[in-house]
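Below are the chains, spelled out letter by letter.
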Amino acid sequence: MFRNGLSAGRRSVRVSACIPIPAASSQIGRAASTPFKPEIPFVCLSCQVRSYAKPRKTRSPLGESIKRLEQHVQFLETRYRDHVKQEAVKAEMLSLEITDEMQDEAYAALMAPETQVTTFLPSPSSTLPQLPKSIVTRLGTAAALIKSQETPQWETVLQELQANGGFKKVKIEDVNKTIFLVPMSQRASLTDTLLSMIETSGILSNVVTYDLLMMANAARGNLEVVQNLFKRLKEAKLAPNIRIYGHLLKAYSFTRDVASASAAFQEMHALGIKPNLIVYTSLIKTCINREELDTAWQIFDLIKYRSSETAPDVSTYSLMIHACAMRGEAEKALDLFRHMVDTRGLEPDEKVYDSLIHACAVRKDYFLDAWKYAIEMRDKGMRVARRTLNHLLQACGKNGDLTRARLLMRLMMSSPSPEFQPDERSFQGLLRAYATAKWKPGFRKKTVPQEAFLLPNSNGNDRAGTGLGEQEIEGLPFLQGSVLTTRKEILAEARQLLHYIIEYRPWFYSTKILNAYLDVCYVQYGNRELRKVYLEYYSSLDPDKDAEYDDEFDFSSPTAEADNSPHPSTDPSPDSNSEDKKPKYRPRRNIHTFEIALEYARKQGAIGFARKVWADRMAYCLTQEYWDLFLSVRERLDFTAEKLMVQTLAKVGYLREALDRLKVLQYEYDWTKEDLKPVYDKARETDDIEIVMEIRSILKLDDRRW
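Note that the structure is a prediction, hence the values are computed from the model and not measured.

Visitor: Looking at this structure, how should I read the overall build of the chain?
Guide: A tally of regular secondary structure across the chain gives 34 helices and zero strands. In the chain, buried positions account for 43% of the 706 residues. Here the analysis covers contacts within the chain between residues at least 6 apart in sequence; of these, 70% occur between residues at least 24 apart. About 40200 Å² of surface is accessible on the chain, with carbon and sulfur atoms providing 53% of the total.

Here's what the structure looks like:
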């Protein structure tokens, strides 16, 4: 024993392990024929680490402080240089929005001969004084037409000009000025006529000619015309500039053609053309329309830190806030708005506020923020247009605030201005509010929310100047009272609204409207009404197959499939005494129609109705409309439909059929415990151990508890 209480056998042998072992002792057990090789003495690992370890360098606190100070000074210098550049750019830029018309005016000034003095004065009321003399002398009787009209019909003017020689022996600069004076809307439709007149005259078009024509067609989204003009420009061996590529990218943004837009951008880069903010904004818009939002954010982050010349403007921020709304990222949208206003010092316009309200409207927890920015928008003197009001109706539908939605719709319908009259999206938002309405039996509010009064000069009691006929005013689809307190009232008013649209606004009657009403029936337990609308109000892809289900879903028959509503007393049926006016036009079902119907069938355990819906969905999957959907949308909704069908089969006890479907689809979709919980619980309830084990195998679960 040693003094520390440890015996020699238990004492650490770490020191003795470092003693070199004789070479002879390591040869024990070797064959005699093996030649002797001297071995390297053994050294323990800790000794090796200490021998190779480098001496640690000690850091001086003073040196570290000096280094941090130098880095901070460099950061301040860089920040000051950027600030100077931004102030210089702001000093050079006008505080006006550069529109396409202003760019046309600038190009007209550049095309003017050197002897002509161009002044930027307000345009005269008549177009005739602005036309070149070489064109005015050939107008003939059309000169009086141009002089008498503020916006002349240029198709008639060009016909008269062709009859008097067209553009023969006219300079291309004068031709470009004439094209510039044609309004954008008419210029796009007269592109072929103008090109034909230029070719007939024998003069050669220049880049400005193609620029003016491509600008008008890009604004209208005429991609084929823009591509044809771009091809002709190249065939004429003219070098495209940044504006030409900007129009081409703008046209691609309407068709969601990201691949072609990317190819055009790379071609422009190969020619050494430096892209400007218009080009980057067009690329961002193309990606957003294609729902490739990650790519749009990459472009935005690139131009945000690239240089002051490509720094995002108000339009770019508006696009990115709209991208936030598409993903429901209200927090990100608000941060972007504050960065634009506080950091960049940009003043938001109507489009920015509209996108911000939309971003708040798609989130239930930002409902009050949507109304807050709408009121702020109104207080700044901006026009709260129908598009913004539709976002507010969408917010009401998301939050279930039916009272506010009904009040806002009343104000829109009674507004004397046509720009505030509701459209298809407005009615769709109101129907969504019926579906998500929060009601309490016996509770009736006495006050009306004042935030809905956003329309100028709107008075719900004043029927004059509303743009509605007297018969239509008497048939407004609203019950008496400011608040609906029961499901019966909600369903009754929603039904009135649907028939109001069919009778007075048939141009708004569409699949989206009918789907929204179908959702109201599903949420508010309008079971008989839901089946009736699905079977009778939509058109069918296969009428012969519908006839097979006529007897099963005959609403007048007592043997029809039972209505398993948990609240039968609140399920109002149409008045049997009143004539049910069925629409002559029946919209087609889309993929969302089947989702709502299958949700209802799963909830009520209506297996017969579910099979009918499934057969209709299989027929729809063979149509071009189905294959035109984005792949991600198709896969998501297909999985939802399969899940609903499996759960419906399990609910009515068809476990074997549900299991057969699962076995076919187990490798196609990622099933979770929540998806298969109804099947698992039903199998446990019926003591079907085989199906329980099969579900565990599909989910790859062990023998532990569920």
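Next, the rest of the story.
Visitor: Just to check I follow, could you spell out the nonpolar core for this structure?
Guide: In terms of nonpolar packing, the biggest core is built from 157 residues, with Leu139, Ile284, Met320, Leu431, Tyr434 and Phe609 touching the most fellow members. For this core, the element with the highest residue contribution is helix 24 (residues 487-504), accounting for nine residues. When neighbours within four sequence positions are excluded, Leu139 is seen to be in contact with Leu128, Leu131, Ile146, Val157, Glu160, Leu161 and Asn164. Grouped together as the second largest cluster of nonpolar side chains are 21 residues, Phe639, Val646, Leu662 and Trp671 included.

Visitor: Even after reading the chapter, I still don't get the packing of helix 18 (residues 350-361) against helix 20 (residues 386-399), so can you show me in this structure?
Guide: Closest axis-to-axis distance for the helix 18/helix 20 pair is 8 Å, and the angle between their directions is 10°. Taken together, the axes of helix 18 and helix 20 are roughly parallel relative to one another. Facing helix 18, whose interface residues are Asp354, Ile357, His358 and Ala361, helix 20 presents Arg387, Thr388, His391, Leu392, Gln394, Ala395 and Lys398. Within the contact of helix 18 with helix 20, the residues separate by chemical class into four nonpolar, four polar and three charged.

Visitor: For this particular structure, what's the right way to read unusual backbone geometry?
Guide: Peptide bonds are trans in most cases, and residues, glycine excluded, mostly fall at negative phi. For Lys169, which is not a glycine, the phi torsion comes out positive at approximately 60°. Relative to the helices and strands, Lys169 resides in the loop between helix 6 (154-163) and helix 7 (172-181).

Visitor: Could you clarify how one ought to interpret helix 11 (residues 223-235) in this entry?
Guide: Spacing of three or four residues puts side chains on the same side of an α-helix, whose turn is 3.6 residues. For helix 11, which comprises 13 residues, the first-to-last C-alpha distance of 18 Å matches the rise-based estimate of 18 Å (1.5 Å per residue) to within 8%. Against helix 9 (191-201), helix 10 (207-220), helix 12 (242-255) and helix 13 (258-270) lie the buried residues of helix 11. Downstream of helix 11 by a residue or two, Lys237 has a phi angle that is positive, lying close to 60°.

Visitor: What is the right way to read the environment of Val483 from this model?
Guide: With respect to the helices, strands and loops of the structure, Val483 is situated in the loop between helix 23 (470-474) and helix 24. Judged by its relative accessible area of 8%, Val483 is buried. Once the C-alpha coordinates of Val483 and Arg404 are considered, the two residues, 79 residues apart in sequence, prove to be 9.3 Å apart.

Visitor: Sorry, what's going on with the packing of aromatic side chains here?
Guide: Here a ring pair, both rings aromatic, is described through the centre-centre distance and the interplanar angle of the planes. By the definition in use, this model includes 21 aromatic pairs. When the ring of Trp297 is compared with that of Phe300, the centres are 5.8 Å apart and the planes differ by 90°; the resulting orientation is edge-to-face. Placement of both Trp297 and Phe300 in helix 15 (residues 293-306) is noted, with a separation of three residues, approximately one turn of the helix. Each member of the pair, Trp297 together with Phe300, is buried. Judged by centre distance (6.5 Å) and plane angle (70°), the ring pair of Phe367 and Trp371 falls under edge-to-face. Taken as a pair, Phe367 and Trp371 lie in helix 19 (residues 367-379) at a separation of four residues, close to a single helical turn. Of the two residues, Phe367 and Trp371, both sit in the buried class. Aromatic rings pair up to connect Phe427, Tyr500, Tyr504, Trp507 and Phe508 into one cluster. Here the basic side chain of Lys332 rests over the ring of Trp297, its NZ or CZ set 3.8 Å away from the ring centre. Above the plane of the ring of Tyr522 lies Lys603, whose end atom (NZ or CZ) is 5.1 Å from the centre.

Visitor: It is not clear to me how helix 33 (residues 673-685) should be interpreted in this structure. Could you clarify?
Guide: End to end, helix 33 covers 17 Å across 13 residues, agreeing with the expected 18 Å (1.5 Å per residue, within 8%). A bend of about 30° at Val679 is the largest found in helix 33. Turning to helix 33, its buried residues number three or more, namely Asp675, Leu676, Val679, Tyr680 and Ala683. Elements that come into contact with the buried residues of helix 33 comprise helix 31 (631-651), helix 32 (655-665) and helix 34 (689-699). Trailing helix 33 by a residue or two, Asp687 shows a phi angle of about 60°, which is positive.

Visitor: Explanation requested: the pattern of salt bridges in the structure shown.
Guide: Opposite charge on two side chains permits them to pair, given that their charged atoms come into close proximity. Evaluation of the coordinates by the stated rule reveals 28 salt bridges. Notably, a salt bridge pairs Lys612 with Asp616, separated by 2.4 Å at the nearest N-O pair. Here Asp616 and Lys612 lie together in helix 29 (residues 607-620), a separation of four residues that amounts to about one turn. Just as Lys612 is buried, Asp616 falls in that class too. Overlapping salt bridges, with partners in common, bring together Glu331, Arg363 and Asp365 in one network.

Visitor: I would appreciate a short explanation of the environment of Glu329 in the present structure.
Guide: For Glu329, the location among the structural elements is in the loop between helix 16 (314-327) and helix 17 (330-343). Along the chain, Glu329 and Arg363 lie 34 residues apart, while their C-alpha atoms are 8.2 Å from each other.

Visitor: I would appreciate a short explanation of the packing of helix 31 against helix 32 in the present structure.
Guide: The geometry of a pair of packed helices is captured by two quantities: the angle between their axes and the separation between those axes. Contact geometry for helix 31 and helix 32: axes closest at 7 Å, N-to-C directions at 155°. Here helix 32 runs roughly antiparallel to helix 31, going by the angle between their axes. Taken as a pair, helix 31 and helix 32 cross one another with a handedness that is left-handed. In contact with Glu642, Met645, Val646, Leu649 and Ala650 of helix 31, helix 32 contributes Leu655, Glu657, Ala658, Arg661, Leu662 and Leu665. Class assignment for the residues of the contact of helix 31 with helix 32 results in eight nonpolar, no polar and three charged.

Visitor: Which parts of the structure should I look at to understand the environment of Val692?
Guide: Residue position: Val692 is located in helix 34. Residues Val692 and Tyr680, spaced 12 residues apart in sequence, show a C-alpha to C-alpha distance of 6.1 Å. Non-local contacts of Val692, meaning those with residues more than four positions away in its chain, are made with Tyr680, Ala683 and Arg684.

Visitor: What am I meant to see in empty space enclosed by the protein here?
Guide: Gaps left between atoms show up when a probe the size of a water molecule is rolled over them. In this structure the tally under the stated criterion is one cavity of 30 Å³ or more. Computed from the structure, the largest cavity encloses a volume of approximately 30 Å³. Around the largest cavity, the lining residues are Glu595, Leu598, Arg617, Leu637, Thr640, Ala641 and Leu644. Sorting the residues of the lining of the largest cavity by element identifies helix 28 (591-604) and helix 31 as the ones contributing at least two each. Of all the elements, helix 31 adds the most residues to the lining of the largest cavity, at four residues. Of the residues assigned to the lining of the largest cavity, the class counts are four nonpolar, one polar and two charged.

Visitor: Looking at this structure, I do not really get the side chain of Gln647. What am I missing?
Guide: By the secondary structure assignment, Gln647 is in helix 31. Among residues more than four places away in sequence, those in contact with Gln647 are Arg602, Glu674, Asp675 and Pro678.

Visitor: Can you walk me through the confidence of the model for the chain in this structure?
Guide: Low pLDDT means the predicted coordinates in that region are not meant to be read closely. On average, the chain scores 77 in pLDDT, and the residues at 70 or more come to 72%. This stretch, residues 92-124, has a pLDDT under 50; its non-local contacts, to residues over four places away or in other chains, come to 36 contacts. Note on residues 444-453: pLDDT is under 50 here. Beyond four places in sequence and across chains, it has 22 contacts.

Each value, and the rule that gives it
- Residues numbered from 1 in each chain as written.
- Predicted model: local features only at pLDDT ≥ 70, side-chain atom pairs only at ≥ 80, totals over all residues.
- Heavy atoms only, no water.
- Helix = DSSP H or I, 4+ residues; strand = E, 2+ residues; numbered from the N terminus.
- Buried < 20%, exposed > 50% of the residue type's maximum accessible area, 1.4 Å probe, protein only.
- Contact = heavy atoms within 4.5 Å.
- Areas by Shrake-Rupley, 256 points an atom, 1.4 Å probe, with all protein chains shown as cover.
- Core = buried A, V, L, I, M, F, W, Y, C linked by side-chain atoms within 4.5 Å.
- Axes fitted to C-alpha atoms, helices over the stretch in contact; angles between N-to-C directions.
- Parallel < 35°, antiparallel > 145°, perpendicular 65-115°, else oblique.
- Nonpolar A, V, L, I, M, F, W, Y, C, P; charged D, E, K, R; others polar.
- Expected span 1.5 Å × (residues − 1).
- Phe/Tyr/Trp six-rings, centres within 6.5 Å; stacked < 30°, edge-to-face > 60°.
- Lys NZ or Arg CZ within 6 Å of the ring centre and 35° of its normal.
- Bend = angle between axes of the 7 residues up to and from the residue.
- Salt bridge = Lys/Arg side-chain N within 4 Å of Asp/Glu carboxyl O.
- Left-handed = near helix turned anticlockwise from the far one by under 90°.
- 1 Å grid on protein atoms, 1.4 Å probe; cavity = no way out; pocket = protein on both sides within 12 Å on 5 of 7 lines; lining within 4 Å.
- Points joined across faces, edges and corners; volume = space filled by probe spheres on them.
- pLDDT = per-residue confidence, 0-100.

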